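Here is how the chains run, residue by residue.
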Amino acid sequence: MAVVVSCAVLFHAFLFLQRILLTLGQYDICKSLVSTDDGPTWEYYACQPRPMAMKDFMQIRVSPSDITCGNPPQLFCTLENPYLCSDECDASTPDLAHPPQLMQDSEHSGLITYWQTVTWSRYPEPLLANITLSWNKSLEVTDDIEITFEYGRPTIMVLEKSLDKGRSWQPYQFYADDCMEAFEMPAKRVQDLSAANVTRVICTERYSRWVGSKNEKVVRFEVRERFAVFAGPKLLNMDNLYTRMESMKGLRDFFTFTDLRLRLLRPALGGTYVQRDNLLKYFYAISNIEVLARCKCNLHAGQCTFRDGSLQCDCEHNTTGQDCARCERGFKAKSWKPGSFLPTPTGSPNTYCECYGHSNRCSYIDFINIVTCVSCKHNTRGQNCQHCRLGYFRNASAELDDENVCIECNCNQLGSLHARCNETGFCQCREGATGQKCEDCQPGYNWKQGCVLNVCDDELLLCENGGTCLQNQKCVCPPNFKGVLCEEALCEGEVGCNGANPPTQCAGLLGQLRRVSRATGSLRSLSPSHG
């Protein structure tokens, strides 16, 4: 009995310790062992990794390829000493080289190292440089992005972000010494933004005007000031920020990215115009880039580790994927969602469903007691997004979780009865149409805004008495004949046509019998009976 009591005490002490740990940090515990009538069970909580210095994991690419100085070696001077051009950039000498990786090194020795471009020797051709920072992973920025420039900050630049690993880009912020002249935008400060427009892309003049290259080196993308719109100047009311993250459309995505790109459009000019007689003092130089962010794990992971060449969420809650963005196979429950920030500090429990990667939301329908996926993507439908939408059919060579699992039927609108097809991709055709997509005609039909029955042709339905078939839809008759197939003579009397043709009252019937004869092949010739 004493052993049983001791175990119970230890178990409750363990639960109490976990509760204390939950209060020490926001969203850093993903699950907790709780006691129920059925015994100990895991209770899930929204969780997220701690912020990290992402410059340790970023890949840097600069363009154009010849923008970095040193090949060939080149002299340059500074804006403070514009005529003392004794500094040299030489890619073949380590102490004089300025390669891109120096933007992310750790300068523990106190010696400042930096990447540097060629000088503006081709003026007035623009001196343009792009710096792309890639992580191959969705991240959420948690503090100001800081870029440290040596020898002066650019007078015009743009910070851009990508949400799809560099396939498309959107501006994050514009920087210029004159925003209206450079981008036709009024200058604004982040402090001017409100809760209603905090995600607006602005142009700022705060970091581009000349104040001396040694006085101000840093260009910022102000994240903390945007957080402060909701959390207060000292960021003490983070609960309000997380509430807005839940309710305000686009707010969470605004702070999300996979790649960043700096577009340097015009270097520092020293507070004056470009002096053509000394272009060796105009260039870009960056000594450090700081990006403090966390891995985006959709509130389903408390850890993020670097493995297989990229950052990966260590997913909990039966989720999987680089961003914990889908369920593990076979897990179903009520009301799945990416994870909820509130109520703090533990978030709300999260449950899951199997949608084969075509949806990240489920709905529990209480009165029939089923869980169904909501808003299936990739042209899927069904309780688990396991069927194809009307107008699509299953790709037999693709797995259920493949984005290309459903192929469009592409039924011809004029030849088919509707846009649906069967499981092999064959459409249901209108009369006379044939083929997988109902875009061909059967024999005896001709395509004219769909398949229409031939009136005449060159095989079975021949125009008579010298008539000619026009586009399979009309016989053009000689002057003395009429009828669908020119089988009737234009007679002046009622008893015959100069003895050359049968009476007009029999002509129509005879023409019909001849058409039947040709269509069936059972009759070779017909002649009128007399007597």
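Provided above is the structure to which this section pertains.
Residues numbered from 1 in each chain as written. Predicted model: local features only at pLDDT ≥ 70, side-chain atom pairs only at ≥ 80, totals over all residues. Heavy atoms only, no water.

**Q** Describe helix α4 (residues 238-247), naming the residues involved and giving the relevant values.
**A** By the burial criterion, the buried members of α4 are Met238, Leu241, Tyr242 and Met245. Along α4, the residues classed as buried sweep out an arc of 95° about the axis, all on the same side. On its buried side, α4 packs onto α3 (224-231) and α5 (251-254). (Buried < 20%, exposed > 50% of the residue type's maximum accessible area, 1.4 Å probe, protein only. Helix = DSSP H or I, 4+ residues; strand = E, 2+ residues; numbered from the N terminus. Arc of directions from axis to C-beta. Contact = heavy atoms within 4.5 Å.)

**Q** Tell me about the pattern of salt bridges, and name the residues and values.
**A** Between side chains of opposite charge, a pair can form as their charged atoms come close. Counting across every chain of the model gives 15 salt bridges. Residue Arg224 pairs with Asp143 through a salt bridge whose shortest N-O separation is 3.8 Å. Of this pair, Arg224 sits in helix α3 while Asp143 sits in the loop between β8 (129-141) and β9 (145-149), placing them 81 residues apart in sequence. Taking relative accessible area as the criterion, Arg224 reaches 39% and is therefore assigned partly exposed. Glu150 is the salt-bridge partner of Lys217, the closest N and O atoms lying 2.9 Å from each other. Of this pair, Lys217 sits in the loop between β12 (203-204) and β13 (218-221) while Glu150 is found in the loop between β9 and β10 (156-162), placing the two residues 67 residues apart along the sequence. Members of the salt-bridge network, linked through shared partners, are Glu160, Arg261 and Arg263. (Salt bridge = Lys/Arg side-chain N within 4 Å of Asp/Glu carboxyl O.)

**Q** Describe the pairing of β9, and please don't skip the residues or the numbers.
**A** Burial of β9 is extensive: 4 of the 5 residues sit out of reach of the surface. Pairing analysis gives 4 bridges linking β9 to β13, with the strands arranged antiparallel. Bridge pairing in β13 places Thr148 opposite Val218. Of the strand pairs in this sheet, β9 and strand β15 (residues 285-290) are connected by 4 bridges, and their pairing is antiparallel. When the bridges of β15 are listed, Phe149 appears paired with Ile286. (Pairing = 2+ DSSP bridges.)

**Q** Talk me through the state of the cysteines; I want residue IDs and the actual numbers.
**A** Applying the stated criterion across every chain yields a total of 17 disulfides. With its sulfur 2.0 Å from that of its partner, Cys30 forms a disulfide with Cys47. One quick way to see it: the torsion about the S-S bond of Cys30 and Cys47 is about 100°, and its sign makes the bridge right-handed. Taken together, the residues Cys30 in the loop between α1 (2-24) and β1 (31-36) and Cys47 in the loop between β2 (39-44) and β3 (52-53) connect sequence positions 17 residues apart. (Disulfide = S-S within 2.5 Å.)

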